[in-house]
Amino acid sequence: MSAETDSQAERHSAYEDLIAIVIGTMFVALGVVIYTKAVLLAGSTAGLALLLQYATGIGFWWLFFAVNLPFYILAVKKLGWAFTLRTFAAVTLVSIFSRLTSDLVSFSHLNPLYAAVMGGALSGTGLLILFRHRTGLGGINVLAIYLQDRFGLRAGYFQMAVDLAILAAAVFVIPPDRLALSVLGAVVVNMTLAINHRPGRYLGVT
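Residues numbered from 1 in each chain as written. Predicted model: local features only at pLDDT ≥ 70, side-chain atom pairs only at ≥ 80, totals over all residues. Heavy atoms only, no water.

Trainee: Give a description of the overall build of the protein chain that names residues and reports values.
Mentor: Each helix and strand in the protein chain was counted, giving nine helices and zero strands. Along its sequence from the N terminus, the protein chain presents helices and strands in the succession α-α-α-α-α-α-α-α-α. By the compact-globule yardstick of 17 Å for 206 residues, the protein chain fits well, its C-alpha radius of gyration being 16 Å. Counting only C-alpha atoms, the protein chain reaches 50 × 30 × 30 Å along its principal axes. Sequence separation of 24 or more characterises 74% of the internal contacts of the protein chain that already satisfy a separation of 6 or more. Here the protein chain contributes 13 positive and 9 negative side-chain charges, whose respective centroids are spaced 6 Å apart. (Helix = DSSP H or I, 4+ residues; strand = E, 2+ residues; numbered from the N terminus. Rg over C-alpha atoms; globule rule 2.2 N^0.38 Å. Contact = heavy atoms within 4.5 Å. Lys, Arg positive; Asp, Glu negative; His and termini not counted. Charge placed at Lys NZ, Arg CZ, Asp CG, Glu CD.)

Written as structure tokens, this is what we have:
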């Protein structure tokens, strides 16, 4: 987004950013909990954290926070301190909300296909809210936003390619049918972003 476009767009206020980050991270956390209950795998650093959880038994919320730490260096250098601090807050909130949501929500029956589509839609919507307030969830999100801003490469399509690579690495960890549904979920997440988060279409700035 150019400086001229930024100057023409109405900026988000601080309280709008705060509300968006809280709501966006709650959407993502609920999507993650749905995936966990259905033994599905997400993409990006959330997928890596879920993969490690299935392999080690360590809680997602600890792993998700830890795997994102190295990416803050890129965020500071390429996207600035404001973005990095918002992203750090968002990662922390997803870690906290995913832990709380697992105690607040239970399922007597959860169809895996529904979980893949709805969990993906919730996570994609949460990421969309965060992206529109110049906030990511660390890891690949940071790189995706940078590449879109710098080169016009759509964040959703880039993330889809990376997510599919992460899912391919899970072939020995989760059953084949759940892996296939995880691929479907990754497509839902990233198509939500690719369709709704395009350069020049949304003018809100933070």
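So, next bit.
Trainee: Provide a residue-level description of the layout of surface pockets, including the pertinent values.
Mentor: Approximately 150 Å³ is the volume found for the second largest pocket. Around the second largest pocket, the lining residues are Val 32, Val 33, Thr 36, Lys 37, Gln 53, Gly 59, Phe 60, Trp 61, Ser 98, Arg 99 and Ser 102. Of all the secondary structure elements, the ones that give two or more residues to the lining of the second largest pocket are helix 2 (14-37), helix 4 (60-68) and helix 5 (71-104). Residue classes in the lining of the second largest pocket are distributed as four nonpolar, five polar and two charged. (1 Å grid on protein atoms, 1.4 Å probe; cavity = no way out; pocket = protein on both sides within 12 Å on 5 of 7 lines; lining within 4 Å. Points joined across faces, edges and corners; volume = space filled by probe spheres on them. Nonpolar A, V, L, I, M, F, W, Y, C, P; charged D, E, K, R; others polar.)

Trainee: Outline helix 4, listing residues and values.
Mentor: Within the sequence span of helix 4, burial applies to Phe 60, Leu 63, Phe 64, Val 67 and Asn 68. The buried residues of helix 4 all sit within an arc of 120 degrees when viewed along its axis, so they share a single face. (Buried < 20%, exposed > 50% of the residue type's maximum accessible area, 1.4 Å probe, protein only. Arc of directions from axis to C-beta.)

Trainee: Pulling in residues and values, what's your account of the packing of helix 2 against helix 6 (residues 112-131)?
Mentor: At their nearest, the axes of helix 2 and helix 6 sit 8 Å apart, and the two run at 160 degrees to each other. Relative to helix 6, the element helix 2 lies roughly antiparallel. Where helix 2 crosses over helix 6, the two elements pack in a sense that is left-handed. Here Ala 20, Ile 21, Ile 23, Gly 24, Thr 25, Phe 27, Val 28, Leu 30, Gly 31, Val 32, Ile 34 and Tyr 35 of helix 2 lie close against helix 6, whose contacting residues are Ala 115, Ala 116, Gly 119, Gly 120, Leu 122, Ser 123, Thr 125, Gly 126, Leu 127, Ile 129 and Leu 130. Partitioned by chemical class, the residues of the contact of helix 2 with helix 6 number 15 nonpolar, eight polar and no charged. (Axes fitted to C-alpha atoms, helices over the stretch in contact; angles between N-to-C directions. Parallel < 35°, antiparallel > 145°, perpendicular 65-115°, else oblique. Left-handed = near helix turned anticlockwise from the far one by under 90°.)

Trainee: Quick rundown of unusual backbone geometry? Include the residues and the values.
Mentor: One non-glycine residue, Val 39, lies in the positive phi region at around 55 degrees. Residue placement: Val 39 occurs in the loop between helix 2 and helix 3 (44-56). Judged by its relative accessible area of 34%, Val 39 falls in the partly exposed class.

Trainee: Mind laying out empty space enclosed by the protein, listing which residues take part and the relevant values?
Mentor: Considering all chains together, one arrives at one cavity of 30 Å³ or more under this definition. The calculated volume of the largest cavity comes to roughly 210 Å³. Around the largest cavity, the lining is made up of 21 residues, and of these Ala 42, Gly 43, Ala 46, Leu 127 and Val 189 lie nearest the centre. Going through the elements one at a time, helix 2, helix 3, helix 6, helix 8 (155-168) and helix 9 (176-196) are the ones with two or more residues in the lining of the largest cavity. Take the lining of the largest cavity: its biggest share by element is five residues, from helix 9.

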